[in-house]
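Fold and contact review
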Amino acid sequence: MEENSKLNPEQQMAVEIIDGPILIIAGAGSGKTRVVTFRIANLLNKGVHASQILGLTFTNKAATEMKERVLHLTQSAVLICTFHSLGAKILRESIHHLGYTSNFTIYDDDDTDKLLKMCLNDAVGAESKEKLKELKTLISSTKNSLQESPIEGGGRVEGQLFSKIYFQYQAKLKEYNAVDYDDLLALPVKLFREYPSLLEYYQQRWSHLLIDEYQDTNHLQYTLVNYLVSKSRNLCVVGDPDQSIYSWRGANINNILNFENDYPGAKVIRLDQNYRSRSNILDAANHLIARNPNRFEKHLWSARGPGEKIKLFRADNDKMEASFVADRILAYQRQCDLPLSQMVVFYRTNAQSRVFEDCLLQRRIPYVIVGGISFYHRREIKDILAWLRMALSGNDYVSFARTINLPKRGLGDATLDKIRLAASHEQCGILEYCEKLLSKEIVQVPVKLTAKQREGLEEYVQIIHQLQKVSQETTLAALVTAAIDYTRYWTYLEEDKETMVDRKENLNALVSKAAEWEQSTSEPSLTGFLEELSLKSSLDEADTNAERLSLMTIHNGKGLEFDAAFLVGMEEDLFPHINSRDDEEGVEEERRLCYVGMTRAKEYLYLSHAVTRTIWGVTRTQRPSRFLREIPTEYIEKLGAPAPYNYATAVQRKVEKPQPIVSEDFSNGDLVFHQEFGVGCVRQKYDGSAGLTYKVFFSKSNSEKNLVAEFANLARL
DNA sequence: CAATCCTGATTTTTT
DNA sequence: ATCAGGATTG
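The text that follows walks through the structure, step by step, so that each part is easy to find. Bear in mind the structure is a predicted one, so any value in this text is a computation, not a measurement.

1. What to know about the nonpolar core
In this structure, Ile 384, Phe 400, Tyr 433, Val 480 and Leu 510 are the most contacted members of the largest nonpolar core, which totals 73 residues. Residue assignment places this core across two domains, with domain 2 (105-176) and domain 4 (375-535) each supplying three or more. Counting 46 residues, the second largest nonpolar core, distinct from the first, contains Leu 91, Leu 220, Leu 228 and Leu 535.

2. Looking at helix 24 (residues 526-534)
Of all 9 residues that make up helix 24, 7 are buried, and the element is covered over most of its length. When helix 24 is considered as a whole, its buried residues turn out to be Leu 526, Thr 527, Phe 529, Leu 530, Glu 531, Leu 533 and Ser 534. The secondary structure elements touched by the buried residues of helix 24 are helix 4 (83-94), strand 4 (105-106), helix 16 (379-392), helix 21 (476-486) and helix 23 (497-520).

3. So, the packing of helix 8 (residues 183-194) against helix 9 (residues 196-205)
Direction vectors running N to C along helix 8 and helix 9 enclose 115 degrees, while the axes themselves pass 5 Å from each other. Judged on the interaxial angle alone, helix 9 and helix 8 are roughly perpendicular. Where helix 8 approaches helix 9, its residues Leu 191, Phe 192 and Glu 194 are matched on the opposing element by Pro 196, Leu 198, Leu 199 and Tyr 202. Here the contact of helix 8 with helix 9 is composed, by residue class, of 6 nonpolar, no polar and 1 charged.

4. Concerning the pattern of salt bridges
What the rule picks out here adds up to 39 salt bridges. Arg 389 is paired through a salt bridge with Asp 111; the nearest N and O atoms lie 3.1 Å apart. Placement of the pair is Arg 389 in helix 16 and Asp 111 in helix 5 (residues 109-124), with a sequence separation of 278 residues. On the accessibility criterion, Arg 389 (10% relative accessible area) is buried. A relative accessible area of 3% means that Asp 111 is categorised as buried.

5. Remarks on the packing of aromatic side chains
On inspection of all chains with the given rule, the structure shows 23 aromatic pairs. Seen in terms of ring centroids, Tyr 397 and Phe 400 are 6.0 Å apart; in terms of plane orientation they differ by 35 degrees. Their pairing is tilted. Of the two residues, Tyr 397 and Phe 400 are both situated in helix 17 (residues 397-403); the distance of 3 residues between them amounts to about one turn of the helix. Both residues of the pair, Tyr 397 and Phe 400, belong to the buried class. Site record: aromatic cluster; members linked through ring pairs are Phe 313, Phe 324, Tyr 332, Phe 566, Tyr 604 and Tyr 606. Positioned above the aromatic ring of Tyr 332, the side-chain terminus of Arg 328 is 5.6 Å from the ring centre.

6. Some thoughts on the packing of helix 23 against helix 24
The angle between the axes and the distance between the axes are what describe a pair of packed helices. Viewed as axis vectors pointing N to C, helix 23 and helix 24 meet at an angle of 115 degrees, and their least axial separation amounts to 11 Å. Note that helix 23 runs across helix 24; the crossing there is right-handed. When helix 23 is examined against helix 24, the residues Leu 510, Lys 513, Ala 514 and Trp 517 are found in contact with a partner set consisting of Gly 528, Phe 529, Glu 532 and Leu 533. A class-by-class count of the residues in the contact of helix 23 with helix 24 yields 5 nonpolar, 1 polar and 2 charged.

7. Thoughts on the state of the cysteines
Going through the model one piece at a time under the given rule, you end up with 0 disulfides. Note on Cys 359: no disulfide assigned, nearest cysteine sulfur contributed by Cys 336 at a separation of 19 Å. Accessibility expressed as a relative area gives 6% for Cys 359, which makes it buried. In this structure Cys 434 is not part of a disulfide, and its nearest cysteine sulfur, from Cys 428, lies 8.7 Å away. Using a relative accessible area of 0% as the deciding quantity, one classes Cys 434 as buried.

Definitions and limits used
Residues numbered from 1 in each chain as written. Chains lettered and ligands numbered in written order. Predicted model: local features only at pLDDT ≥ 70, side-chain atom pairs only at ≥ 80, totals over all residues. Heavy atoms only, no water. Core = buried A, V, L, I, M, F, W, Y, C linked by side-chain atoms within 4.5 Å. Buried < 20%, exposed > 50% of the residue type's maximum accessible area, 1.4 Å probe, protein only. Domains from an automatic or database assignment. Helix = DSSP H or I, 4+ residues; strand = E, 2+ residues; numbered from the N terminus. Contact = heavy atoms within 4.5 Å. Axes fitted to C-alpha atoms, helices over the stretch in contact; angles between N-to-C directions. Parallel < 35°, antiparallel > 145°, perpendicular 65-115°, else oblique. Nonpolar A, V, L, I, M, F, W, Y, C, P; charged D, E, K, R; others polar. Salt bridge = Lys/Arg side-chain N within 4 Å of Asp/Glu carboxyl O. Phe/Tyr/Trp six-rings, centres within 6.5 Å; stacked < 30°, edge-to-face > 60°. Lys NZ or Arg CZ within 6 Å of the ring centre and 35° of its normal. Left-handed = near helix turned anticlockwise from the far one by under 90°. Disulfide = S-S within 2.5 Å.

Here's what the structure looks like:
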């Protein structure tokens, strides 16, 4: 919809009621973002100061988008951020009350896993994967219950063991001056409880709150918000119970269902007009979701006309399903002028992407997998960041353990454990302990080191000192470069020739990001940079404008829309997933997930399933998903085996046997094909350390690779 | 302490 | 089929 076209009456109401609690039930495609933007503009018009408004979202992407739209409409900068970065902000200002310092580290899942493993090891001397997983959820549930003491677990982990580990885990976090993701929400709540004056300060600071995707809030987020608005009661929440798909992560759908009870006198506004989908698609989705017994009754409608029927395709096997989808996509692109960026393949599990990738590669259809491993979770990036964290605090044992043996310094697990325990006894930070140990200062529990180990540790401590010095006097980008240089990280990378070039590229990208970030921030600091990176996900990097087909899990599709959507693998035990099969609430959530997937489509929706599917090397016979039966047949058109699209087969034949060319005659701009990486574009030709090298951009991975000409295996297209 | 083989697990993952 | 982490070697 156009930015300045008229709001419908419900949208208008949602914009104009600015005081008191208000719940906006915003169905799929009902113009939610627009309403939120206009609402903020209206608040500003009515005299609310920009600094008093706080908007909360779940993803950085959503926050950035909303911030930009508000800026565009009103020229005002309003604080719109994720729940977790709000938590981080509050803690940076006030965490000293709880005995941490304000430059605390934020641990991601990787880091907390390592910490938890340590605790489990210390407690029972052994660890099992299953227990680890269970402990993780128990810890998270404890924090979500707002208890200081561990909750009862119903599983294999004994209460006493869990209790011990929980306290250990929490104590270690504090010792290392670190917080986990849950702490970013739980510790502010703790502050609000224990320091009423602090609470009052934050209540005054933000007089008007706005929460997006309220159906996905967990108890911590609910409580945090509840504290903040309990005085002003100016709370506007936006959400759709039918799109609640994160209960397995602790989201509580009751937060939105009980809103009127929690905030008496709340106004409820329903946005029922869908501006996105053709009514065949929307009505089909409505019928499906109506099967869920426990829900807020609502009925979305569309004025966009019926459009085409939903296409249902039954394939003999998973490979043929993928070929069908790929051929349809080519046809849409060439015959209907649909850009690839307006099409999407949705699947239930990540493992399903593989067969599609192969197929798209063969047909030279550029694609991108949205989600997956984030740039910031790559090993080399995490390594360098761990060095920087050490330079920052020196207490962070997890980062210490990550970096101490890079490259090998003869300090393995056994020695590390000794050092850790000794430092703990000594009651000093890990770096401080190492300094003492090396300077032969009296330590109560000295750790015996071999000459080689001592030398290694000396070198390590010296590097940290150098980095600390550099961090005082130079730019962030230079600091990151220094971290790479001083640690001789490139030498370390060269041990693995296979991955070396890519990893180096990634580190260069990290330096660029540091420089960029420094430019765009008013008060750049290492702490701030590290925080930004810990709170960033792979989704935030995805750029949806490029001319590429998107592949993603349905979970990752929430909030997006496409002209054509292909919902694949509609089979029992895959979707609904086998792990949800036996419990009614689980199936309901799967059904909501299906609803989310269907309502992403504007014009064309395809549902497909395969009769046999190869999973983990085993071929199984699959039954069609129950969801297919739950959609009335009047909206569906069954497709027979499709005539393969001629162009596609022609291209496929051509590409099936690309001639590996050992060649030095590519030039910038040449289109090439690589067996593994797919279609690419030559960006640069230069003399690398390993010989003549091409820098090629591959659309599949959305990344540049350096290929040594001799092994390039490229075919010109 | 490091290298190697082997076993076993593989839903979704906003932060 | 694949890959990460564990146990077992050197």
